[in-house]
Amino acid sequence: MELFFRLLAIALHAKTPITLTAAGEVIGESSGLFNIGLEGIMLLSAFTGAVAANAAGPLAGLAAGMGTGFTVGLLFGLINTYGKGDQMITGVGINLFALGFVAFGLHMLGAPGFHTVSRASQLPAVRTPIGSYSPIVFVALVVPFLVHFLLNRTRLGLKIKAVGENPEAADVAGIRVELVRLLSTAVGASLAGLAGAFMSVSWMGSVTRDISAGRGFIALATVVFSGLRPMLVLLGGFLFGFFDALATWLTIVPVLRDILPWQFVSMLPYIMTLLVVAGVIGRSRFPKGLGVPYRRE
Amino acid sequence: MSGLSWRMAGLRLAAALRPLGNSLLAALLGLAVGALIMFALGYDAWAAYHALFIGAFSGMRQFAGSLSNASPLIFTALTFAICFRAGKFNIGAEGQLFMGAMAAIAASLFYLPAGLHLVMALLFGAAGGVMWALVPAMLRAFRGVHEVISTIMFNWIGTFLAYYVTANLLVSPVRGEMTIRVAETSRFPLLMRGTELSYAIFVALGFAVLVWLILWRTVIGYEVRAAGANPNAGRYAGVAEWKMVLTVFVLGGVSAGLAGATEVMGRPPLYALDTGLSIVRGFGFDGIGVAMIGHNHPLGIILAAVFYGGLQSGARMMQMMAGVPFQIVRVVQGVIIIALALPELVRVFRVLRGRFGFLFHRRAG
């Protein structure tokens, strides 16, 4: 039973960064911007979050992470709205930049490949009868509902979906296509930033060069799985979080640990992500304007 | 020649040079941001870049070092470029190259005469890369799974598979952190003594020429480029999407597989993989940057690979002489790619300068 609760706790923590990032990307993709730089944004904010937390406490760390996400999201948005840039290339550039910047930063801090967040600077966990949880875990349970409300129950949400679905019509209706897209993607990216800071400041307590470990892309897969419906992001996050946790869990269960090579266990979340995406893809529907820069004729 | 045809020739030359100008401008921007970061942290940016240049291009030996780094990048950049020309975003070179490297090492389990053994190891490497490209290709062609997601997932699955294979199946009986070494009969001889440059560079250059021939001189290549430039045009012309996807992914897989194979067959002193894969890690992702700087053209890719390879070999000298951590070049590379995402980088600058100069007349469109 105790092992089961540990599995649950790991799963809920593992799903948190994926749910947050995916929920943010749902906002961005609804507006028509496809950001494959999420992986890099998570990595960058895990780093800035850890540095800020050590300097000024856990809340500063989370704020720094969100700020980093927002800033990079803003840059991504500027290039791809007013700059008419290529979203794929920008995303790849952000990922490469993040890899270099974090490796460089870790080197500057003198640590060989990782930087620890001191115990006092980590976000304190909430103790419950079923294990101790980071407060962000609960935030991540609520965020998809907020995104759902924003997109489906507010005027702003309608505008966001309009510029994603049919930018020409939205433009004619007087909506400032570029501005809405810019802010949507920046707000979405700040959730990826929160996810990154959560990993270093709360969940793992340190930052390494590969702390994001493909989670940004798993979040993208979750968005595909969800077909841009925030509530399904919650479900998808659970699914991928579970397999992520299962992989970690299998390496601590006494007997299984010895018979299963850890390398194959570690593949689980990635294999399951692919299987799920391959299984549901036909049903998903995406905005018409997704990935295409809007030019006024 | 009449004045008009001179002008036409001039315009065509300008059009051909525009990508070059774009890349140069992006490179300058990247180096400038790198300098700013170094300046902010109290380093001497000028001394750093000077050391970087010395380490990369100051002599034959240094240039040979840069070329040896360029060689795998040419392959992995071609992987990306071939697919990009078809409108597909294959970022799976990393995993495919692990497979190629392992397959080439596995070829050393056989005994064959020199020459023949080398060809067989190359074929193994290519097959390894193709094997790892095939599933994402089929998922794209038949299930519509976006290739960015499938190739990244395959990179991770491939990384863990490579951890397992190098540590258990191909592990060296004498050194536990290494695989067995590539047989001498399937190694590339060195091109220049005392450097890491081997004849593998000619395979890379030859493959680049081959890709150019396929893409620009064959019917299938024309169809690939047409479909990539305009998916609807491709559909109307009757090009089956799935055939095209499989073609470019298989070709890309061959290229990435060869990248891994030539690294273990031609890179002294190891001629093997370490169980942490550190000697081949990153070439797949760097290839994406090289392809973009080279504007996804084989000739551009060769030039960009030498530039990138030079940055890498110069970075060590920079760390030694100027004390700047070598990872700064990765920051520079990231900025270059982000700058290249702007299609009108040159025009942005031209507009800024156009306020002053009558030297640059802007054409409509």
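See the structure above.
Attention in this report is confined to the structure presented alongside it. Everything numeric here is computed off the predicted structure, so don't read it as measured data.

Residue and element names in this part refer to chain B. Axis separation between helix α3 (residues 60–85) and helix α4 (residues 93–106) bottoms out at 10 Å; the angle between their running directions is 130°. Here α4 runs oblique to α3, going by the angle between their axes. Where α3 crosses over α4, the two elements pack in a sense that is right-handed. Facing α3, whose interface residues are Thr 76, Thr 79 and Phe 80, α4 presents Ala 93, Gln 96 and Leu 97.

Glancing now at the interface of chain A and chain B. Taken together, the contact pairs 39 residues of chain A with 35 residues of chain B. At the level of elements, α4 (87–108), α9 (215–226) and α12 (262–280) of chain A are the ones that each hand at least two residues to the side of chain A that touches chain B. Class assignment of the residues belonging to the side of chain A that touches chain B gives a composition of 26 nonpolar, 11 polar and two charged.

Since there are 3.6 residues in each turn of an α-helix, residues three or four apart along the chain are aligned in direction. All names here are of chain B. For helix α8 (residues 219–229), every residue scored as buried is listed here: Gly 221, Val 224, Ala 227 and Gly 228. For α8, the angular spread of buried residues about the axis comes to 130°, placing them on one side. What points out from α8, more than 90 degrees from its buried face, is the exposed set Val 219 and Ala 229.

Our focus in this paragraph is unusual backbone geometry. Of the consecutive residues B:Pro268 and B:Pro269, the connecting peptide bond is found in the cis state with omega at 0°. Checked against the element boundaries, B:Pro269 lands in the loop between α10 (241–266) and α11 (283–293). One non-glycine residue, A:Leu228, lies in the positive phi region at around 65°. Residue position: A:Leu228 is located in the loop between α9 and α10 (230–250).

Criteria and thresholds
- Residues numbered from 1 in each chain as written.
- Chains lettered and ligands numbered in written order.
- Predicted model: local features only at pLDDT ≥ 70, side-chain atom pairs only at ≥ 80, totals over all residues.
- Axes fitted to C-alpha atoms, helices over the stretch in contact; angles between N-to-C directions.
- Helix = DSSP H or I, 4+ residues; strand = E, 2+ residues; numbered from the N terminus.
- Parallel < 35°, antiparallel > 145°, perpendicular 65-115°, else oblique.
- Left-handed = near helix turned anticlockwise from the far one by under 90°.
- Contact = placed C-beta atoms within 7 Å.
- Nonpolar A, V, L, I, M, F, W, Y, C, P; charged D, E, K, R; others polar.
- Buried ≥ 20, exposed ≤ 12 C-beta atoms within 10 Å, placed from the backbone.
- Arc of directions from axis to C-beta.

By themselves, these observations are geometric and do not establish any function.
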